[in-house]
Amino acid sequence: MNGSEILLECLKREGVEVIFGYPGGSVLPLFDKLYESDIRFILTRHEQGAAHAADGYARATGKVGVCIATSGPGATNLVTGIATAHMDSIPMIAITGQVKTFLIGNDAFQEADLTGITRSITKHNYLVKDTKELASTIREAFHIASTGRPGPVLIDIPVDVQIGESDFIWPEEVNMRSYQPTFFGHPGQIKKAARLISKAKKPVIYAGGGIIISGASHELKTFTEKLKAPLTWTLMGIGAFPSDHELSLGMLGMHGTAYANHAIMESDLIIAVGARFDDRVTGKIDEFAPHAKIIHIDIDPASISKNVKVDIPIVGDAKNILGQLIEEIKTPPKTLEWFKSIEAWKNKHPMTYKDSSKIKPQYVIEQIYEATNGEAIIATEVGQNQMWAAQWYNYKYPRTYISSGGLGTMGYGFPAAMGAKVGCPDKEVIDIAGDGSIQMNIQELATCVCNKINVKIAILNNGYLGMVRQWQELFYKKRYSHTCISHPDFVKLAESFGAVGILVEKKEDVRPAIEKSLKTDNTVLIDFRIDPEENVFPMVPAGQAINRMIGGMA
Amino acid sequence: MKHTISALVENKFGVLARISGLFSARGFNIDSLAVGVTEDPQVSRMTIVVNTKDERILEQIKKQLNKLIDVITVIDLTKREFIGRELVLFKVSLDKIKKTNLAKLIKRVEGKIIKTTSKEAIVELSAEQDDIKELFNKLKDAGVKELTRTGRIAISIN
């Protein structure tokens, strides 16, 4: 078999059903074999779209997303998508063409040192120099991408390696002496943690994206209910725990609920599961949770004690460790008093916004929630749209909020929604966008229409780069430097791609437009003209303690 | 405080770049780094000396190194008994110092003159860092024209 056939056979054996990508000179041999392959290939209109689509597919399905690009510019166009996946621990394989092995280092046409460029934004990467090494490399790459703390792995394959002949030898097992993730929690640590939990008076469970990756939602619910402890989640942890659960505090951090932030600051024990104490969560680190001991459960030892000092670290898979803790804890903590404080905060600082006759973005999200019964997959861009989508839609299930958390990549949401829809064709997939970020990867409308990937796009159009404008309003004396942004006629634009465009300028038209889009068997873009200077509240100014919130506190 | 970290890594191309890239990307400072193949040709040993007072940074350095796929083990030798050595070559001018005096000077630290010309001598010293510093201070007045050093390599006792 030649290298390209080996590659496709390996992908098939790894269970790959779909590849997102874009052809080019250095992947011609591979595309020639792809022509007759039964793996579905989706031709995006930009390589960045392919990377985000593979990422969105992975987030929605839990499977490994795969994207392909040619060498040089094709490959560098994947970079933002790879970095996005890396920050959020998303299993992804990026396959790039490379110039012929004997040309490497010669500044050949469309040559770029992709293993060099992506070293710090991949979990691992490979330059395959011999066709004989292809099968074992791909096997290893999928193993690394999908186990432990997942992440993107890039495989750079020179043209001559794609053409070269070799026997196909499929390694049944992967055994790497240098890569052995820990899956079960150390029993001694579990005992210590259980003792600490039983004694706690003001425990808070702080759940992150690790719950979703590990598939530990069920265990998290059992654990939380056994402890009768309040639970807060991160942006990446949205959907890990049902929003409407009585023990839920909603999201914490910069745009979290006041009661989640107050609970953290007053807590005497924080149980962090699959979360990493990101600066958007902790605020001013020296003042974070001053009274709390911290139990930190994470599969990545390097995440533990990186930002905050941890009292009991437990390395391993969240699902296993929560299971171990559920068994180990005999006496749950007494939290009755603690809930009195929490109820008081909830009553004093509920999540709220001032509705008006103008279209409020929060109202749009609520209407989307009602129209979809909370059953849709919501993808977001980055900025205000992302925060409103996090705050005002009640997520019930894991893998239903798809958003670039760590890197904060504008232009992510739409191609990610496309990937999610390919992975979950029976689900409604809605990209909640801003008028700024939607313009960054708008070309993927062509991909959606052409492949009948019926994604719905809800643009919260305020004519601004809203989140940056909000910061300028609050911290830069309303000097709106380059944040007032023009946009095309979105309706005409959608129509020119063969999609459907709807303009909504009146509040009473919001719900009908959503209903219409859900009934339309096509990609639909809705341009909601929202109140232009609406802000995301509550908000913790950067670098402040998280109980020093401003706005939206009723 | 200086910490000597010994890492066993897969002997593959790009490993050094992964490690140096990790240090620069995360803002850790390297005092010295020495690499060489071990008794197993598929494995290299890297001896990395880092200077930090912050235990948390040291902990992160070890964890982040361990996280790299090609890194097999990471040991902080500072917490154990170990022998550390560094090789230095000095090019010393013979204008101000006679060869015989130079020989006496370096004998105390078990250095060697390995090459002389009419104008200069090349001195070799394999020693711990304190001895190297001491010899350098003594040779400074005579005139050290060039100096090159390998960085520390280390091996644990037991």
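Just so it is clear, the structure is predicted and the values come from calculations on it, not from any experiment.

K.L.:
Would you explain the overall build of chain A in this entry?
P.N.:
From N to C terminus, chain A includes 22 helices and 18 strands. The C-alpha atoms of chain A give a radius of gyration of 24 Å, which matches the 24 Å a tight globule of 554 residues would have. By principal-axis analysis of the C-alpha atoms, chain A measures approximately 70 × 60 × 40 Å. When burial is assessed residue by residue, chain A has 56% of its 554 residues classed as buried. Residue pairs at least 24 apart in sequence account for 76% of intrachain contacts in chain A once pairs closer than 6 positions are excluded.

K.L.:
What am I meant to see in the sheet that holds strand 5 (residues 124-127) of chain A here?
P.N.:
By definition, the strands of a sheet pair up through backbone hydrogen bonds, in either a parallel or an antiparallel sense. All names here are of chain A. Strand order in the open sheet formed by six strands is 2-1-3-4-6-5, with parallel pairing between adjacent strands. Two strands bound the open sheet, and with one partner strand each, they are strand 2 (40-43) and strand 5. Adjacent strand axes in the sheet meet at a mean angle of 20°, parallel and antiparallel pairs treated alike. Here strand 3 (residues 65-69) pairs with strand 4 (residues 92-98) via five bridges, running parallel. Residue V66 lies in a different strand from strand 4, and its bridge partner there is I93. In the packing of helix 3 (residues 47-61) onto the sheet, contacts are made with strand 1 (18-21), strand 2, strand 3 and strand 4, and the angle to strand 3 comes to roughly 170°. Of the strands in this sheet, strand 4, strand 5 and strand 6 (152-158) touch helix 7 (residues 134-146), which is tilted by about 160° from strand 6.

K.L.:
When you look at the domain arrangement of chain B in this model, what are you seeing that I'm missing?
P.N.:
One frequently used descriptor of interface size is the decrease in accessible area upon assembly of the parts. Residue and element names in this part refer to chain B. By domain assignment, chain B separates into domain 1 (2-79) and domain 2 (82-156). For domain 1 and domain 2, the distance between their C-alpha centres works out to 28 Å. On the side of domain 2, eight residues touch domain 1, which itself brings eight residues to the contact. Ranked by the residues each element gives to the side of domain 1 that touches domain 2, the list is headed by strand 2 (residues 30-37), at three residues. Looking at side-chain class alone, the side of domain 1 that touches domain 2 contains four nonpolar, four polar and no charged residues.

K.L.:
Quick question: what am I supposed to make of the interface of chain A and chain B here?
P.N.:
Contacts between the two partners involve 13 residues from chain A and, on the opposite side, 16 residues from chain B. Residue composition of the side of chain A that touches chain B, grouped by class: four nonpolar, six polar and three charged.

K.L.:
Got a minute to help me understand the domain arrangement of chain A in this structure?
P.N.:
Residues and elements named next belong to chain A. For chain A, the assigned domains read domain 1 (3-163), domain 2 (187-347) and domain 3 (361-529). In this structure, domain 1 and domain 3 have C-alpha centres spaced 28 Å apart. Contributions of two or more residues to the side of domain 1 that touches domain 3 are made by strand 1, strand 2, helix 3 and helix 5 (79-87). Here the element with the most residues in the side of domain 1 that touches domain 3 is helix 3; it accounts for 11 residues.

K.L.:
Where do I start with the pairing of strand 18 (residues 524-529) of chain A in this structure?
P.N.:
On a regular strand, each side chain points to the face opposite its neighbour's, so the side chains alternate between the two faces of the sheet. The buried fraction of strand 18 of chain A is high, at five of six residues. Tracing the backbone out of strand 17 (residues 500-504) of chain A, into helix 22 (residues 510-519) of chain A and back to the parallel element strand 18 of chain A gives a crossover that is right-handed.

K.L.:
Could you clarify how one ought to interpret the packing of helix 3 of chain A against helix 5 of chain A in this entry?
P.N.:
The geometry of a pair of packed helices is captured by two quantities: the angle between their axes and the separation between those axes. Residues and elements named next belong to chain A. Here helix 3 crosses helix 5 at 20°, and the two axes come no closer than 7 Å. Between helix 3 and helix 5, the interaxial angle falls into the category roughly parallel. Viewed along their axes, helix 3 and helix 5 form a crossing whose handedness is right-handed. Contacts from Q48, A51, H52 and D55 in helix 3 reach T80, G81, I82, T84 and A85 in helix 5.

Parameters at a glance
Residues numbered from 1 in each chain as written. Chains lettered and ligands numbered in written order. Predicted model: local features only at pLDDT ≥ 70, side-chain atom pairs only at ≥ 80, totals over all residues. Helix = DSSP H or I, 4+ residues; strand = E, 2+ residues; numbered from the N terminus. Rg over C-alpha atoms; globule rule 2.2 N^0.38 Å. Buried ≥ 20, exposed ≤ 12 C-beta atoms within 10 Å, placed from the backbone. Contact = placed C-beta atoms within 7 Å. Pairing = 2+ DSSP bridges. Axes fitted to C-alpha atoms, helices over the stretch in contact; angles between N-to-C directions. Domains from an automatic or database assignment. Nonpolar A, V, L, I, M, F, W, Y, C, P; charged D, E, K, R; others polar. Right-handed = clockwise from strand over helix to strand, strands pointing away. Parallel < 35°, antiparallel > 145°, perpendicular 65-115°, else oblique. Left-handed = near helix turned anticlockwise from the far one by under 90°.

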